[in-house]
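Listed here are the chains, written in short residue letters.
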Amino acid sequence: MEQYFETIRLLLAFLVILIAANRISYMFLKVKLPLITGLLITGVFAGPFILQLIPKASITHLNFLNEISLAFIAFAAGSELYLKEIRSRMKSIIWMTFGQLVITFVIGVVGVYFIADYIPFMDGMETRSKIAIAVLVATIFVARSPSSAIAVINELRAKGPFTQTAMGVTVLKDVLVIILFAINFSLAGATITGEKFDFFLFLVVLLELAGSFLLGYVLGKVLEIILSIKATTNVKTVLILSVGYGVYVFSSFVSHWSEGQFGVHFHMEPLLICIIGSFVVTNYSKYRPEFLKIIHDTGPYIYLTFFTLTGAGMSMDILMNVWQIALALFAIRLLGMVLGGYVGGILGGDPMKYNRISWMPYVTQAGVGLGLVTEIAGSFPSWGEEFATIIIAVIVLNQIVGPPLFKWSIAHVDEDHSKGSTPLYDGPRDAIIFGLEGKAIALARTLMKNGWQVKIATNMSNIDLSQMKDVDIHFVKDWSVETLDKLETEKAEAIVTMLSDKESFKICELAYETYGTKDMVVRLNDRTYYDQFVKLGARIVEPSMAIVNLLDQFVRSPSTTSLLLGMEESQTTAEIEVRDPDIHGMFIRDLRLPPDIIILSIKRGEQILVSHGYTRLRKHDLVNIVGSKESLEQVRMRFES
């Protein structure tokens, strides 16, 4: 009982450190470093070698937090391997993965073996043990960081073939590296302990791998059951994390039981089991959206815990003696990635512009790599601590250097769509309002608030503009083609007329005949003009009927009406054109959309479609969507190439 109270006390103390680490890590963003680096460094300062806020003995008591976090990291990696999204770049992804995996691994093994005598814990080891450790190090060299990649892509709103290939390779590599690790971990363990290689050992490794895949499939079905129950999201999250931790407990039990009963160390890789389970849910179940939402919402708390605790576990006394070795290993890995990226790009048929920098997206390391380090350190206590400290130092270097390189490479291939860089649209989202009055000013300010560039054109003079300095107002003499040209009407996405019907009709007719049919919105005063505006394709608003219809909608569906009118602060609507050729032909249900997004309708030509899960999107469809502003921008980036 006393042990449980001690664990609770440590958890509460660690919670205080996590709160501080969360705040401190954001300071690293100001110097263009990722949050994860801030968490690792904060953990180092809080650990037993500097401030001693987390004693060395306490880290062992908190090891269960590591295992929960590792299971979640595997879930997150598996959820990113969504087959329907990477189909168009599959050739490039496969060859780039081959180049990065094989060449980086081979160079890693050779490089580590040749500097083994300079690594303190490897000096004096037998040749077979040096090779085994070199294989384990090279396996970790292959690992990438999906979470870091996603953070950079989201920050830059990156979109394009280079980014898509980078994301696909990142996730696929982490799946393959765990399979590779499961094989190499078993073989290395046998080599270091002096077991002979024979058919029986090979059979055991195959059975371990097959058992991990089978349990991964079963885990996927268990996750489906959890997601299907009628419970709150918080309850499901706790159950998912508990099941992930249970995988580690079960794997440890099987390992000890098999060794005691049969004298065979039967190790089923927990990370592989979890990543396969997540892959099954993501690709072959109807609960994918909810599962992705849980992963998205829970991720920050898991990463905060895992990286802070990992930093606290770094042995700084050892690191001070081996920092030169960490730099050498960093250089070996970088060499492998440069050669692997170039060869993979050539084999995949990518442009030379991509091939020269194709290694840059894969430098960063984080969750999976650290997870593998943790497993090795726990399984080989005689040298595991020194091994972990050196490799974690390499990972920290990769975490510092990697994100800036990835950001630069995205900008270099013109796939950076962040604010102030490459424009997201073919042209600006411009609107011109004809007519100056209170409602016109209010409409202009509302559109501007939602990211539109708005002009108001008026032929009225002697107007006090002191209260309208935030609005771009143009004074014109008449409504002619020359006037419309000066206003750059051909670039406008929308034209709104709030003049007399005669003036409005003249403007709409000129726009129709000169620039083609525009998105024209007309405030109608007299219904005798109704048919004439309809022939021009204008959208007509009759003030008297609009009020009646609006009141009717508020009575029959108040929540929906408030949403569509933008009266809900957290929600808004948008009409987004499908331009990405990879989305052409996809079912709506197969899209990876933010969980708060709802597709209301699709305009295809002159036809309005009420959408459902099995509606196929077509290029140039206009999709009407409701959701938060942040989510709408993600969808816009996804739909528009």
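Procedures and definitions
- Residues numbered from 1 in each chain as written.
- Predicted model: local features only at pLDDT ≥ 70, side-chain atom pairs only at ≥ 80, totals over all residues.
- Heavy atoms only, no water.
- Core = buried A, V, L, I, M, F, W, Y, C linked by side-chain atoms within 4.5 Å.
- Buried < 20%, exposed > 50% of the residue type's maximum accessible area, 1.4 Å probe, protein only.
- Helix = DSSP H or I, 4+ residues; strand = E, 2+ residues; numbered from the N terminus.
- Contact = heavy atoms within 4.5 Å.
- Salt bridge = Lys/Arg side-chain N within 4 Å of Asp/Glu carboxyl O.
- Pairing = 2+ DSSP bridges.
- Axes fitted to C-alpha atoms, helices over the stretch in contact; angles between N-to-C directions.
- Phe/Tyr/Trp six-rings, centres within 6.5 Å; stacked < 30°, edge-to-face > 60°.

## Concerning the nonpolar core
Generally speaking, nonpolar side chains in soluble globular proteins are found buried as a group.
Inference 1: Within the largest apolar cluster, 131 residues are counted, with the highest numbers of intra-cluster contacts made by Leu329, Ile376 and Phe387.
Inference 2: Among the elements that make up this core, the one with the highest residue count is helix 8 (residues 161–192) (14 residues).
Inference 3: Those residues in contact with Ile376 that lie beyond four places of it in its chain are Leu136, Ile140, Phe181, Phe185, Trp383 and Phe387.
Inference 4: Ala457, Ile495, Phe505 and Leu536 belong to the second-largest nonpolar core, a separate cluster that totals 22 residues.

## Let's talk about the pattern of salt bridges
Inference 1: Counted according to the given criterion, the structure contains 12 salt bridges.
Inference 2: Between Asp297 and Lys293 there is a salt bridge, and its shortest N-O distance comes to 2.8 Å. Taken together, the positions of Asp297 and Lys293, both in helix 12 (residues 288–312) and 4 residues apart, correspond to about one turn of that helix.

## Structural notes on the sheet that holds strand 9 (residues 607–609)
Inference 1: A sheet is described by the order of its strands in space; here 4 strands give the open sequence 7-10-8-9, paired in antiparallel fashion. Of all the strands in the sheet, the pair left with one neighbour each is strand 7 (572–577) and strand 9. Between one strand axis and the next, the sheet turns by 20 degrees as a mean value, whatever way the strands run.
Inference 2: Sheet topology places strand 8 (residues 598–604) next to strand 9; 3 bridges connect them, and they run antiparallel. Directly across from Arg604, in strand 9, lies its bridge partner Gln607.

## Some thoughts on the packing of aromatic side chains
Inference 1: Applying the stated criterion across every chain, the model contains 15 aromatic pairs.
Inference 2: On the numbers, 6.3 Å between centres and 75 degrees between planes, the contact of Phe121 with Phe387 is edge-to-face. With a gap of 266 residues between them, Phe121 in the loop between helix 5 (90–114) and helix 6 (127–142) and Phe387 in helix 16 (residues 384–412) connect regions that are remote in the sequence.
Inference 3: The exposure class of Phe121 is buried, given its relative accessible area of 11%.
Inference 4: Measuring from ring centre to ring centre gives 4.8 Å for Phe380 and Trp383, while their planes differ by 15 degrees; the resulting arrangement is stacked.

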